[in-house]
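The residues making up each chain are set out below.
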Amino acid sequence: MNDDKISSIKAIDAALRLDGNPARVKEFYAQWAKNYDSDVGDACYSGPAIAAKLLSQHVADRAARLLDAGCGTGQVGRELQALGYSVIDGFDLSPEMADQATSTGVYRRVVGDIDMMRALEDFPGSDYDALLSIGVFTLGHVPPEALAVLAQLLRADGVLLVSTRSHYYEQTDFQQQVDALLDCGQLALEQVIWDAPYNHDGEAHYWVFRILG
Ligand SMILES: C[S@@+](CC[C@H](N)C(=O)[O-])C[C@H]1O[C@@H](n2cnc3c(N)ncnc32)[C@H](O)[C@@H]1O
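It should be emphasised that the depicted structure is a prediction, and the values quoted were computed from it without experimental measurement.

Engineer: Just to check I follow, could you spell out the overall build of the chain for this structure?
Structural biologist: Along the backbone of the chain there are ten helices and seven strands. Relative to the compact-globule value of 17 Å for 213 residues, the chain shows a C-alpha radius of gyration of 16 Å, a close match. Expressed as lengths along the three principal axes of its C-alpha atoms, the size of the chain is roughly 50 × 35 × 30 Å. Summed over its atoms, the accessible surface of the chain is roughly 9,400 Å², and 48% of this surface lies on carbon and sulfur atoms. Taken together, the 16 basic and 31 acidic charged side chains of the chain have centroids lying 4 Å from each other.

Engineer: Could you clarify how one ought to interpret unusual backbone geometry in this entry?
Structural biologist: The phi torsion of most residues other than glycine is negative, and most of the peptide bonds are trans. In this structure, D157 takes a positive phi of about 75° despite not being glycine. By secondary structure assignment, the location of D157 is in strand β5 (residues 154–165). In this structure, D195 is a non-glycine residue whose phi angle is positive, near 50°. With a relative accessible area of 43%, D195 lands in the partly exposed category.

Engineer: What am I meant to see in the sheet that holds strand β4 (residues 128–137) here?
Structural biologist: Whenever strands of a sheet pair, they do so through backbone hydrogen bonds, lying parallel or antiparallel. Read across the sheet, seven strands follow the order β3-β2-β1-β4-β5-β7-β6 without closing on themselves; strand pairing throughout is mixed. With one partner strand each, in any of the chains shown, β3 (109–111) and β6 (187–199) form the two edges of the open sheet. Sheet twist, expressed as the average angle between the axes of neighbouring strands with direction ignored, equals 15°. Where β4 and β5 come together, six bridges link them in parallel fashion. Bridging across to β5, Y128 finds its partner in L154. Strands β1 (65–69), β4, β5, β6 and β7 (202–211) of the sheet are contacted by helix α4 (residues 47–56), whose axis makes an angle of about 155° with β4. The strands touched by helix α10 (residues 174–183) within the sheet are β4, β5, β6 and β7, with β6 carrying the most contacts at an inclination of about 160°.

Engineer: What is the right way to look at the packing of aromatic side chains in this model?
Structural biologist: Two numbers describe a pair of aromatic rings. These are the distance of the centres and the angle of the planes. The tally for this structure, following the rule as stated, stands at 14 aromatic pairs. Ring centres of F28 and Y29 lie 5.2 Å apart, and the angle between their planes is 90°; on these two criteria the pair is classed as edge-to-face. As far as the burial class goes, F28 and Y29 line up, both buried. Centroid distance F137 to F174: 5.7 Å. Interplanar angle 70°. Geometry classified as edge-to-face.

Engineer: It is not clear to me how the site of the ligand should be interpreted in this structure. Could you clarify?
Structural biologist: Taken together, 22 residues surround the ligand, and among them Y36, Y45, G70, D92 and I134 come closest. Within the side chain of Y36, one N or O atom sits 2.8 Å away from an oxygen atom of the ligand. The contact in question runs from a nitrogen atom of the ligand to an N or O atom on the side chain of D115, over 2.9 Å. For the ligand, the protein covers 97% of the area, taking 590 Å² as the surface of the free molecule.

Engineer: Any chance you could explain the environment of G185 here in plain terms?
Structural biologist: You can see G185 is positioned in the loop between α10 and β6. Among the residues examined, G185 registers a relative accessible area of 32% and is labelled partly exposed. A sequence separation of 102 residues divides G185 from L83, and the C-alpha atoms of the two residues are 31 Å apart.

Engineer: It is not clear to me how the packing of α4 against helix α5 (residues 75–82) should be interpreted in this structure. Could you clarify?
Structural biologist: Packed helices, taken two at a time, are described by their axes: the angle between them and the distance between them. Close contact between α4 and α5 brings their axes to 8 Å; oriented N to C, the two are set at 45°. The angle between α4 and α5 places the two elements in the oblique class. Handedness of the crossing formed by α4 with α5: right-handed. In contact with P48, A49, A52 and L55 of α4, α5 contributes Q75, V76, E79 and L80. Classifying every residue of the contact of α4 with α5 by side-chain character gives six nonpolar, one polar and one charged.

Conventions and cut-offs
- Residues numbered from 1 in each chain as written.
- Predicted model: local features only at pLDDT ≥ 70, side-chain atom pairs only at ≥ 80, totals over all residues.
- Heavy atoms only, no water.
- Helix = DSSP H or I, 4+ residues; strand = E, 2+ residues; numbered from the N terminus.
- Rg over C-alpha atoms; globule rule 2.2 N^0.38 Å.
- Areas by Shrake-Rupley, 256 points an atom, 1.4 Å probe, with all protein chains shown as cover.
- Lys, Arg positive; Asp, Glu negative; His and termini not counted.
- Charge placed at Lys NZ, Arg CZ, Asp CG, Glu CD.
- Buried < 20%, exposed > 50% of the residue type's maximum accessible area, 1.4 Å probe, protein only.
- Pairing = 2+ DSSP bridges.
- Axes fitted to C-alpha atoms, helices over the stretch in contact; angles between N-to-C directions.
- Contact = heavy atoms within 4.5 Å.
- Phe/Tyr/Trp six-rings, centres within 6.5 Å; stacked < 30°, edge-to-face > 60°.
- Near = heavy atom within 4 Å.
- Polar contact = N/O pair within 3.5 Å; in protein donor to acceptor, adjacent residues only side chain to side chain.
- Parallel < 35°, antiparallel > 145°, perpendicular 65-115°, else oblique.
- Left-handed = near helix turned anticlockwise from the far one by under 90°.
- Nonpolar A, V, L, I, M, F, W, Y, C, P; charged D, E, K, R; others polar.

See the structure below:
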């Protein structure tokens, strides 16, 4: 294995050892932003492509207003644009990652320095048609409670699509959060793809929810 590959695997492993403290997560991604795309490319990261294709099976309208939550460098936006979607906004905790997303040119608007847990303050009155959050429900990043926050950024009947790394699903109470949102009638579960490809190091589950009115 060459040195570049070793360093990319180290970066991905280090991301999984974050502790969910927004200041530390931010610092980590500030350092990683420039090499993120090549590192996750080396690791065969397929989350954005799988998510965009899955979204296209639930949202036919290519003019739908989409929000990419935790957009990182913009990989999800690029995949969505390739499928014909044209109205894509994004936000991320890391200004450096958000700058990379802006430079892709595929987003209508990208905002950095946004903590998902506080997104309702930064995006008041949002009524997006669909929202994706890929690679963010992963250990050391955001807690399962973020799902309820994201749901409130969508209009009634909107589509919420998130990935959960398998070990995140196993080691957090994500399923209980889902059950609570289903039980209270806030969300309906349209589809889950269990144990689908994610990267060289493991799999993820891909969840599609519908917002109930
Ligand atoms: C593994 S990257 C995934 C980026 C992109 N979605 C992708 O699929 O390439 C995780 C991203 O989540 C962002 N993130 C972590 N915690 C966050 C939070 N509390 N609020 C918003 N973004 C967060 C990080 O800054 C990073 O850009």
